[in-house]
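# Inside the fold
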Amino acid sequence: MGLLDWFRENFSGEKTCPPEHLESYKRLGEQVYELQVELSSCQTTRALAFLQAARSLQTLADALLGDVFSSSGKTSKTVPVVTHEQADLWYGRITDLLVAARQEAAFAGTSPIALPIKLGGLVEGPKPCPIDHLSGLRRAADKMEDMVKDHIGMARMEGERYKEAILLYEDARTRKQAGDSIVGTITTGRRVSPESHEDAEEQYERALSSYFLVA
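Basis of the calculations
Residues numbered from 1 in each chain as written. Predicted model: local features only at pLDDT ≥ 70, side-chain atom pairs only at ≥ 80, totals over all residues. Heavy atoms only, no water. Helix = DSSP H or I, 4+ residues; strand = E, 2+ residues; numbered from the N terminus. Contact = heavy atoms within 4.5 Å. Areas by Shrake-Rupley, 256 points an atom, 1.4 Å probe, with all protein chains shown as cover. Phe/Tyr/Trp six-rings, centres within 6.5 Å; stacked < 30°, edge-to-face > 60°. Buried < 20%, exposed > 50% of the residue type's maximum accessible area, 1.4 Å probe, protein only. Core = buried A, V, L, I, M, F, W, Y, C linked by side-chain atoms within 4.5 Å. Salt bridge = Lys/Arg side-chain N within 4 Å of Asp/Glu carboxyl O. Polar contact = N/O pair within 3.5 Å; in protein donor to acceptor, adjacent residues only side chain to side chain. Axes fitted to C-alpha atoms, helices over the stretch in contact; angles between N-to-C directions. Parallel < 35°, antiparallel > 145°, perpendicular 65-115°, else oblique. Nonpolar A, V, L, I, M, F, W, Y, C, P; charged D, E, K, R; others polar.

## Details of the overall build of the protein
The number of helices and strands found in the protein is 9 helices and 2 strands. In the protein, the succession of helices and strands from N to C terminus is α-β-α-α-α-β-α-α-α-α-α. A sequence separation of at least 24 residues applies to 79% of the contacts in the protein between residues at least 6 apart. Surface exposure of the protein reaches about 11,600 Å², of which carbon and sulfur atoms provide 52%.

What follows is the structure, given as structure tokens:
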């Protein structure tokens, strides 16, 4: 732990995670791209659903970590422990989903994992939630919005058929906007209450859960 990290942890109460602990997670996420190529001609719906869930988790975790990785692929800075733990949880689910996708592609109906896959709650961290972690959740929500918005635009042409997905999307983007508003206020340097930090975290949690189901 560097001197700056020591001061941060002891005087702000915010622990940090050494960047070298994150390198293996990044490599794990890259397995998703390999399976996308492998299943490029697959028509099995369940296999593609598992692949999409894995891709969504990889997208979420990569966005949460943000620019922690340099252009060479090495980690270049520390992140709050809660961010490390959340990325660990999301990356850690990917392998099981890749296994399920390959099983379903080989023999439909063989994976024991039930659909739909749900994101689940966020990891509990320090109170108030660190601004670096909130910024990571904001990036994750932005990436999920980018992932689904064009598909939702097409789904609106058959609104009744995709009613559930459209309603989830509207929930997600509204809660994302609420979280963005709070985080935008914090990042401009204005002081806000600890409750505002927690409200932003809650809004992002609910937004990400809905985005994940839409995807």
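## Examining the packing of aromatic side chains
Tallied over the full model, the rule gives 1 aromatic pair. On the numbers, 6.4 Å between centres and 65 degrees between planes, the contact of Tyr-169 with Tyr-211 is edge-to-face. Highlighted residues: Tyr-169 in helix 8 (residues 163–187) and Tyr-211 in helix 9 (residues 194–214), separated in sequence by 42 residues. The class of Tyr-169 is buried, set by a relative accessible area of 6%.

## Structural notes on the nonpolar core
If you look at the biggest cluster of nonpolar residues, it comprises 51 residues, and the most contacted ones within it are Leu-60, Trp-90, Tyr-91, Leu-137 and Leu-208. Among the elements of the structure, helix 2 (23–29), helix 3 (31–38), helix 4 (45–65), helix 5 (81–92), helix 6 (94–106), helix 7 (131–155), helix 8 and helix 9 are those that each provide at least two residues to this core. Among the elements that make up this core, the one with the highest residue count is helix 4 (11 residues). Among residues more than four places away in sequence, those in contact with Leu-137 are Leu-64, Trp-90, Leu-122, Glu-201, Tyr-204 and Leu-208.

## A word on the pattern of salt bridges
Taken as a whole and judged by the stated rule, the model has 13 salt bridges. Notably, a salt bridge pairs Glu-124 with Lys-127, separated by 3.2 Å at the nearest N-O pair. Of the charged contacts in the structure, one is a salt bridge between Lys-127 and Glu-198, with a shortest N-O distance of 3.1 Å. Taken together, the residues Lys-127 in the loop between helix 6 and helix 7 and Glu-198 in helix 9 connect sequence positions 71 residues apart. Of the residues examined, Lys-127 reaches a relative accessible area of 53% and is grouped as exposed. Look at the salt bridges and you will find they share partners, linking Arg-138, Asp-142, Lys-176 and Asp-180 into a network.

## What about the side chain of Thr-83?
Within the fold, Thr-83 resides in helix 5. By relative accessible area, Thr-83 is classed as buried at 2%. Here His-133 takes part through its side chain, which lies 2.8 Å from a polar atom of the side chain of Thr-83. Residues within four places of Thr-83 in sequence aside, it is in contact with Leu-64, Leu-65 and His-133.

## Let's talk about the packing of helix 3 against helix 6
Two elements in contact, helix 3 and helix 6, have axes separated by 11 Å at closest approach and are oriented at 10 degrees. What the angle tells us is that helix 3 and helix 6 run roughly parallel. Here Gln-31, Val-32, Leu-35 and Glu-38 of helix 3 lie close against helix 6, whose contacting residues are Ile-94, Leu-98, Ala-101 and Arg-102. Grouping the amino acids of the contact of helix 3 with helix 6 by side-chain chemistry returns 5 nonpolar, 1 polar and 2 charged.

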